[in-house]
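For reference, the chains in residue letters:
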Number of protein chains: 4
Amino acid sequence: MNFTSDNEAPAHPAMIEAITRANEGFATAYANDEYSRQLDQRFSELFDTDCRVLPIATGTAANCAAIAELSPPWGAILCHQLAHIQNDENGAPEFYSGGAKLMPLPGENGKLDPSTVAATIDGAGSHGVHNVKPSVVSITQATECGTTYRPEEIRAIAHATHERGLHLHMDGARFANAVHHLDCHPSETTWKAGVDVLSFGATKNGALTAEAIVVFGHPEWLEGMERRRKRAGHLLSKMRYVSAQLLAMLDDDLWLTLAGTANERATQLARGIEANARASLHWPVESNEVFMKAEPEKLAALKAQGFLFHIWPGHDDLARLVCSWATTEEQVAEFLGALDE
Amino acid sequence: MNFTSDNEAPAHPAMIEAITRANEGFATAYANDEYSRQLDQRFSELFDTDCRVLPIATGTAANCAAIAELSPPWGAILCHQLAHIQNDENGAPEFYSGGAKLMPLPGENGKLDPSTVAATIDGAGSHGVHNVKPSVVSITQATECGTTYRPEEIRAIAHATHERGLHLHMDGARFANAVHHLDCHPSETTWKAGVDVLSFGATKNGALTAEAIVVFGHPEWLEGMERRRKRAGHLLSKMRYVSAQLLAMLDDDLWLTLAGTANERATQLARGIEANARASLHWPVESNEVFMKAEPEKLAALKAQGFLFHIWPGHDDLARLVCSWATTEEQVAEFLGALDE
Amino acid sequence: MNFTSDNEAPAHPAMIEAITRANEGFATAYANDEYSRQLDQRFSELFDTDCRVLPIATGTAANCAAIAELSPPWGAILCHQLAHIQNDENGAPEFYSGGAKLMPLPGENGKLDPSTVAATIDGAGSHGVHNVKPSVVSITQATECGTTYRPEEIRAIAHATHERGLHLHMDGARFANAVHHLDCHPSETTWKAGVDVLSFGATKNGALTAEAIVVFGHPEWLEGMERRRKRAGHLLSKMRYVSAQLLAMLDDDLWLTLAGTANERATQLARGIEANARASLHWPVESNEVFMKAEPEKLAALKAQGFLFHIWPGHDDLARLVCSWATTEEQVAEFLGALDE
Amino acid sequence: MNFTSDNEAPAHPAMIEAITRANEGFATAYANDEYSRQLDQRFSELFDTDCRVLPIATGTAANCAAIAELSPPWGAILCHQLAHIQNDENGAPEFYSGGAKLMPLPGENGKLDPSTVAATIDGAGSHGVHNVKPSVVSITQATECGTTYRPEEIRAIAHATHERGLHLHMDGARFANAVHHLDCHPSETTWKAGVDVLSFGATKNGALTAEAIVVFGHPEWLEGMERRRKRAGHLLSKMRYVSAQLLAMLDDDLWLTLAGTANERATQLARGIEANARASLHWPVESNEVFMKAEPEKLAALKAQGFLFHIWPGHDDLARLVCSWATTEEQVAEFLGALDE
């Protein structure tokens, strides 16, 4: 029973169907096919504003092709100290940007605080050309801790960011889970709150491999992002299969349906943990990730029983449990039962 | 009717089936799934030697993650002046390698000549640290001209390369077409001939998106290649879908069957062109690409009739016609009929 | 009266003389002149071991050409959070290394703690290829806080570093000041303590512009460092003028004499501050830098009187006062007098 | 007797004097000293237009900090196939630019031809994002062949460059020699002819080490160039010594006087060679470099007699003879005498 990561779940059948449908006849290569060409319009409808969309295979590539365009090589990228771009991408932002520096910041519940952002930017340039130059703030929605930023929290960060001349990126590997949890229109947590560019994730939400860079305004960024995508080997010749997955995700709001299932399972799991005397929640559960504190022995016992999950690095009493669209109520119940033993 | 590129053809149904089969239950992420873990053994059987395999989504990424490991940032990469890494990857080799320099060389029929390779290496370092340092020779099999290197031609290049302390990379985007044409064992045109690392292509040969870096010997290169793949955003979390395609390609030598069909269509096309008084072949047809010379007006007329193909950059009387596993005898016949008119 | 930095002081007359002497006739370019060719031997005598020396114009270039050779692009460089490479080089280490990540660490008095180093390395790689890979530890001698590592402190860091497979770099922009303060043989604080490569600084110590990368053991690093120096535009055609300065510094231990003067002025300054009720020392004075705490108004008043010094970024009650070979007792006395007012 | 390179000559005494004068008292570091602050005005007077100047230690650094600002990482830099940036900087342009590609072009007498430039740019982008994007044209004045561009030749190249949206860089390592030869105002061969940025060389012309990036118009480039200079370790803390040399060069047009001497010696040499039956000039002598063809045995004999010069790589019958401000008439006569024997 696998709570390791939502990216260990299978793809949703609708994704296989989408690929199968897209496999009809010849199609122009390199994202000039009829599926890829629909993306701008479909995402513009979704976000209720004109936006431009670059399909891409992975979240790391989406994050880094976007961020590198927003930061010169001597730029600094402010992010939470638990952010994926800081900890889990093997220096990909540095690679794509030509050596920009990440500035990892603390922040409760995995979220950046606007005052920390403001103070960091204000303090960073005192030595002029000797210092790197803050250029981008990147936030993760939902966060690495399974929490979500509320729209007003994003607005405050965006305000601190924009009034200092920087741009705001959102890593939305679990964007669907956040939007479902917030129960808001996707625009509320993105461009209306000041997000300039979004890495829209579908892979963790039931696609095989499909992400999208969504650019709000700023048509001047498109060429650079396209060049960076190509140059990194991410302009798939047969992009139709990626784009078809993205389109199928948007059909009938499948992306929210799948995220809803994952979130509900996480809620079920969280309630069970709260009810358990020997375990507790470490961070609020606001998406599909649950962080559970328990005795290391208990965690080991659960692993020995075949339950799969991550022990948080450096914390042997903290388990990360991730639910997906494919996680069932029975699986959660079984886990909670084992926890009770 | 599409002769633009083999990457505009649909994927073969076996690829969709492979993905569908792989979509069973949970699987360890990041190429630690059961499909990805079979690759070393299956390719070792295919090549009749121990080799190590990294699945990856695109040919550009395969070429560049491999080459960058073989070249320091101050290295030089020798290749044919028509090579994909020189002309069609938007500087990806420079990006992955941290700024190595490509040295594009002339050579008949799209092939490097061993004596040119030797002379270029010998002449390149006369000024020591002021010059870039030749480090890799990269050949393309089948070439951009649709020709193939015979094993003894590769051996001669490998000899010139190795005795000067460099390594030999093969861009095998159309490797299957070359092997089918040569009718030899895949080992004969790779490690037995001195190739150190191969970009094994499946996408152009009927996969959705699936390539592999195949390393012969040199286990010391693996870490760097894996790191570069990750850092470029190419370590797919759900790699099982890529690996499943590669495995399905090897089942019953599907890769050779598909390449065989494409090659046969190209041969049919070539014969028709040779028989036509107003068209001629520009390069020998030794894979699935056909380069046809004809009056620009004739080419324009064919395009106007709906036939799709590339006009070779800078040569308005030269058409590139690419066949794929999905090209039919009837389509070729129809094209030849139109050519006759 | 200038306590801003030792690099605002003039060069010592012996440096001008050295350059003038070196300006005789023609000399082979690019560090193949007779001055540059003496460096290996002269520094080997100085350090009492065989070492290899690359003259270079700036400390940033010395640090980064050295570190980049010791770290792959996906490497991590551990340093103190106040280190020059982290704060004052505008991302030069990232640039030279192709995007390695600096890991700034806390540590009392500007010094790294071996246990922090060990724990950071041990914790850094838990996620394998997803994490950057610690590759270099860089310490600064004397530190940015004006303190110095004692040989046994370096040995402890070197032990933690080497047993985990990393290498130890020392930024010695104020190496002379440290050696003078420690009153030890230069070998004691370098290779005998486990330092693998040293950026030997002379510019802050009275040269016009002259630094040296000193490599202990590891001849395999030389080519890469030379290539990186050249590629960054730091292989001066007329290197003789840099090398002549370095040689003149070693003559009769001028480097230690000059550092001694600077250190003595700092000690004089420190004693005066300690004796003053309205000021105090922030860090122990163990080289030529003095960090003085005082009321912001007092610091402003001193500035208004024409005394030049840095206010420490983010600390308006902390002044950095740097002495040089050219600082006189009278100047220090005058400053202390003004402080007393 | 050294005809190897002008960078093997000693510095002119006025340079030593300039450094000595600049060595008075304290000076603000990092190019904020009174010498460096005069550069904008003094070069603006020299060029008879407002320009901005960045002092820097080497020609490679000047070229590459300038070019990298004008080219994105996916850019292409067009230059002559004999250009220093292509052959003699160990990939520094690629390093500084983050992997741009050099496009070396043929051209008679070491000079680019406007029609070649135009055709190369026009042909380079036919495949859109798959191709690198031409961004900079770099010409060398005087060229690597010792020839000089006449103003109208530069204007033609600039026209082809600018109307295609690219910028024009001039590598002026031997700019003084070119201006002296042309006997024109420095503006005529730079901004008035369409040059956007100049690497103004002084090192080869009698400085110890001093170059300048001179930007005509385009204030938007300054930040990036300054950042790149710093990041490469080229923002010398004691920049006053570089700037003082540059200023002294401009005093009483010393730069032209020195170049004039070198050019006259080259002319003397050229006449002697023309008069000699067993030697001939390979390229027109239009600066301080002379390319002499002679029997390899004769060249070897001259070397054996102690004359120092380069044999052109790959051409054992072609000698490069460089004169400098320090070359005497007697030395030239002695060489010609030996040639006669």
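For clarity, every value in this text was computed on a predicted model and none was experimentally measured.

Definitions and limits used
Residues numbered from 1 in each chain as written. Chains lettered and ligands numbered in written order. Predicted model: local features only at pLDDT ≥ 70, side-chain atom pairs only at ≥ 80, totals over all residues. Heavy atoms only, no water. Helix = DSSP H or I, 4+ residues; strand = E, 2+ residues; numbered from the N terminus. Buried < 20%, exposed > 50% of the residue type's maximum accessible area, 1.4 Å probe, protein only. Contact = heavy atoms within 4.5 Å. Least-squares fit on C-alpha atoms with pLDDT ≥ 70 in both. Pairing = 2+ DSSP bridges. Axes fitted to C-alpha atoms, helices over the stretch in contact; angles between N-to-C directions. UniProt positions renumbered as here; feature names shortened; annotations may be inferred. Buried area = accessible area lost by both parts, 1.4 Å probe. Salt bridge = Lys/Arg side-chain N within 4 Å of Asp/Glu carboxyl O. Polar contact = N/O pair within 3.5 Å; in protein donor to acceptor, adjacent residues only side chain to side chain. Phe/Tyr/Trp six-rings, centres within 6.5 Å; stacked < 30°, edge-to-face > 60°. Domains from an automatic or database assignment. Nonpolar A, V, L, I, M, F, W, Y, C, P; charged D, E, K, R; others polar. Core = buried A, V, L, I, M, F, W, Y, C linked by side-chain atoms within 4.5 Å. Parallel < 35°, antiparallel > 145°, perpendicular 65-115°, else oblique. Left-handed = near helix turned anticlockwise from the far one by under 90°. pLDDT = per-residue confidence, 0-100.

1. As for the environment of Thr60(B)
Point 1. Here Thr60(B) shows up in helix H3 (residues 59-70).
Point 2. According to the relative accessible area criterion, Thr60(B) is buried, its value standing at 7%.
Point 3. Along the primary structure Thr60(B) and His84(B) are separated by 24 residues, whereas in three dimensions their C-alpha atoms are 8.5 Å apart.
Point 4. Setting aside chain neighbours within four positions, we find Thr60(B) in contact with Lys230(A), Gly233(A), His84(B), Glu89(B) and Ala92(B).

2. What to know about the relation of the copies chain B and chain A
Point 1. Mapping chain B onto chain A calls for a rotation angle of 180° and an axial translation of 0.0 Å; the resulting RMSD is 0.0 Å. Those values place the two copies in the arrangement expected of a two-fold rotation axis. Measuring from the rotation axis to each C-alpha of chain B, the shortest distance belongs to Ala232(B), at 3.2 Å.
Point 2. Interface residue correspondence from chain B to chain A reaches 100%, placing this contact among same-surface, isologous pairings.

3. Points about the sheet that holds strand E6 (residues 197-201) of chain B
Strand pairing in a sheet is mediated by backbone hydrogen bonds. Such pairs are either parallel or antiparallel.
All names here are of chain B.
Point 1. With mixed pairing, the 7 strands of this open sheet are ordered in space as E1-E7-E6-E5-E4-E2-E3. Each of the sheet's edge strands pairs with one partner strand only, and the pair in question is strand E1 (51-56) and strand E3 (101-105). Sheet twist, expressed as the mean angle between neighbouring strand axes with direction ignored, is 20°.
Point 2. Sheet topology note: the strand E2 (residues 75-80)/E3 ladder contains 5 bridges and is parallel. In the sheet register, Leu-78 faces E3, and the bridge partner there is Met-103.
Point 3. Along the sheet, helix H9 (residues 222-231) contacts E1, E6 and strand E7 (211-216); its crossing angle with E1, the most-contacted strand, is approximately 5°.

4. Focus: the UniProt feature "domain: Aromatic amino acid beta-eliminating lyase/threonine aldolase" (unreviewed entry) in chain A
Point 1. Mapped onto this numbering, the UniProt entry annotates "domain: Aromatic amino acid beta-eliminating lyase/threonine aldolase" (unreviewed entry) at residues 3-292 of chain A.
Point 2. From the first C-alpha to the last, residues 3-292 of chain A spans 12 Å; its make-up is 39% helix and 17% strand.

5. What about the interface of chain B and chain A?
Point 1. Listed as interface residues are 46 residues of chain B and, on the opposing side, 46 residues of chain A.
Point 2. Between chain B and chain A the total buried area reaches about 4,100 Å² when both faces are included, carbon and sulfur atoms providing 54% of it.
Point 3. Connecting chain B to chain A are 0 salt bridges.
Point 4. Joining chain B to chain A, the criterion identifies 35 residue pairs in polar contact (both at pLDDT 80 or more).
Point 5. Residue assignment for the side of chain B that touches chain A shows that the elements contributing at least two residues are helix H1 (13-22), H3, helix H5 (92-97), H9 and helix H10 (240-250) of chain B.

6. A closer look at the packing of aromatic side chains
All names here are of chain A.
Point 1. All told, the structure shown has 62 aromatic pairs over all chains when counted by the stated rule.
Point 2. On the basis of an interplanar angle of 50° and a centroid distance of 5.4 Å, the ring pair of Phe-200 and Trp-255 is categorised as tilted. Here Phe-200 is found in strand E6 (residues 197-201), whereas its partner Trp-255 is found in helix H11 (residues 254-274), with 55 residues between them in sequence.
Point 3. A residue is classified by how much of its surface remains accessible, and Phe-200, at 1% relative accessible area, is buried.
Point 4. Between Phe-291 and Trp-312 the ring centres are 5.0 Å apart and the planes differ by 80°, which places this aromatic pair in the edge-to-face class.

7. Remarks on the relation of the copies chain B and chain D
Point 1. The two copies are related by a screw operation: chain B maps onto chain D through 180° of rotation and 0.0 Å of translation along the axis, at an RMSD of 0.0 Å.
Point 2. A share of 100% of the interface residues of chain B reappears at the interface of chain D, consistent with the copies meeting face to face through the same patch.

8. Remarks on the domain arrangement of chain A
Residue and element names in this part refer to chain A.
Point 1. Per the domain assignment, the segments making up chain A are domain 1 (11-253) and domain 2 (256-340).
Point 2. Computed over C-alpha atoms, the centres of domain 1 and domain 2 are 27 Å apart.
Point 3. Domain 1 puts 24 residues into the contact, and the matching count from domain 2 is 20 residues.
Point 4. In terms of surface lost to domain 2, no three residues of domain 1 exceed Arg-174, Asn-177 and His-180, which account for 26% of the buried area on that side.
Point 5. There are 1 salt bridge connecting domain 1 and domain 2.
Point 6. If you look at where domain 1 meets domain 2, you find 10 residue pairs in polar contact (both at pLDDT 80 or more).
Point 7. For the side of domain 1 that touches domain 2, the element with the highest residue contribution is helix H8 (residues 175-182), accounting for 5 residues.
Point 8. Of the residues that constitute the side of domain 1 that touches domain 2, the class distribution is 8 nonpolar, 11 polar and 5 charged.

9. With respect to the pairing of strand E7 (residues 211-216) of chain C
Residues and elements named next belong to chain C.
Point 1. Burial runs high along E7: 6 of the 6 residues are buried.
Point 2. Where burial is concerned, the two faces of E7 agree: the one with Glu-211, Ile-213 and Val-215 and the one with Ala-212, Val-214 and Phe-216 are both buried.
Point 3. Pairing between strand E1 (residues 51-56) and E7: 6 bridges, direction antiparallel. If you follow Leu-54 over to E7, its bridge partner there is Ile-213.
Point 4. Where strand E6 (residues 197-201) and E7 come together, 5 bridges link them in antiparallel fashion. Across the sheet, Ser-199 pairs through a bridge with Ile-213, a residue of E7.

10. Here we look at the nonpolar core
Point 1. One finds Phe43(C), Phe200(C), Phe43(D) and Phe200(D) to be the most contacted residues of the largest nonpolar core, which totals 141 residues.
Point 2. If we ignore the near neighbours within four places in the chain, the residues touching Phe200(C) are Phe43(C), Leu46(C), Phe47(C), Gly172(C), Phe175(C), Glu211(C), Ala212(C), Val214(C), Leu246(C), Leu250(C) and Trp255(C).
Point 3. Of all hydrophobic cores here, the second largest spans 140 residues; its members include Ala29(A), Ala193(A), Phe43(B) and Ala124(B).

11. Things to note about the environment of His282(A)
Point 1. The residue His282(A) is located in the loop between strand E8 (279-281) and strand E9 (289-294) in this model.
Point 2. Residues His282(A) and Ala294(A) lie 12 residues apart in sequence; the distance between their C-alpha atoms is 9.7 Å.

12. Comments concerning the pairing of strand E11 (residues 318-322) of chain C
Residue and element names in this part refer to chain C.
Point 1. In terms of burial, E11 is a largely internal element, 5 of the 5 residues being buried.
Point 2. Residues Leu-318, Arg-320 and Val-322 line one face of E11 and the alternating positions Ala-319 and Leu-321 line the opposite face, and both faces are buried.
Point 3. Sheet topology places strand E9 (residues 289-294) next to E11; 5 bridges connect them, and they run antiparallel. Of the residues in E11, the one forming a bridge with Phe-291 is Arg-320.
Point 4. Pairing geometry for strand E10 (residues 310-311) and E11, over 2 bridges, is antiparallel. When the sheet's bridge partners are listed, Ile-311 is paired in E11 with Ala-319.
Point 5. Here E10 folds back onto E11, and the loop between the two strands holds 6 residues, one of which, Gly-314, carries a positive phi near 85°.

13. Section: the sheet that holds E6(C)
Residue and element names in this part refer to chain C.
Point 1. Read across the sheet, 7 strands follow the order E1-E7-E6-E5-E4-E2-E3 without closing on themselves; strand pairing throughout is mixed. The open sheet is flanked by E1 and strand E3 (101-105), the only strands paired with a single partner. For this sheet, the mean angle separating the axes of adjacent strands, direction not counted, is 20°.
Point 2. Note that strand E5 (residues 167-172) and E6 share 4 bridges and pair parallel. From the neighbouring strand, Asp-171 faces E6, where its bridge partner is Ser-199.

14. Quick notes on the interface of chain B and chain D
Point 1. Every contact between the two is made by 19 residues of chain B and, on the other side, 19 residues of chain D.
Point 2. Summed over both sides, the interface of chain B with chain D buries roughly 1,500 Å², with 38% coming from carbon and sulfur.
Point 3. On the surface where chain B and chain D come into contact, there are 2 salt bridges.
Point 4. Between Lys101(D) and Glu94(B) there is a salt bridge, with its nearest N and O atoms 2.7 Å apart.
Point 5. The interface formed by chain B and chain D contains 14 residue pairs in polar contact (both at pLDDT 80 or more).
Point 6. Within the residue set of the side of chain B that touches chain D, elements represented by two or more residues are helix H4 (84-87) and E3 of chain B.

15. Quick word on unusual backbone geometry
As a rule of thumb, non-glycine residues mostly have phi less than zero, and peptide bonds are mostly trans rather than cis.
All names here are of chain A.
Point 1. Of note, the bond from Gln-141 into Ala-142 is cis; its omega dihedral lies within 30 degrees of zero at -10°.
Point 2. Within the secondary structure layout, Ala-142 lies in the loop between strand E4 (133-140) and helix H7 (151-162).
Point 3. Unusually for a residue other than glycine, Asp-48 sits at a positive phi of about 60°.
Point 4. Here Asp-48 lies in the loop between helix H2 (39-47) and strand E1 (51-56).

16. A short note on the packing of H2(A) against helix H10 (residues 240-250) of chain A
Residues and elements named next belong to chain A.
Point 1. Taken N-terminus to C-terminus, the directions of H2 and H10 make an angle of 25°; their axes are 11 Å apart at the nearest point. In terms of orientation, H2 lies roughly parallel with respect to H10. As H2 packs across H10, the resulting crossing turns out to be left-handed. Facing Leu-39, Arg-42, Phe-43 and Leu-46 of H2, the residues of H10 in contact are Ser-243, Leu-246, Leu-247 and Leu-250.
Point 2. Partitioning the contact of H2 with H10 into residue classes produces 6 nonpolar, 1 polar and 1 charged.

17. Structural notes on the confidence of the model for chain A
Point 1. Taken over all residues, the pLDDT of chain A has a mean of 97, while the share at 70 or more is 100%.
Point 2. For this predicted complex, the interface confidence comes out at an ipTM of 0.97, alongside a pTM of 0.98.

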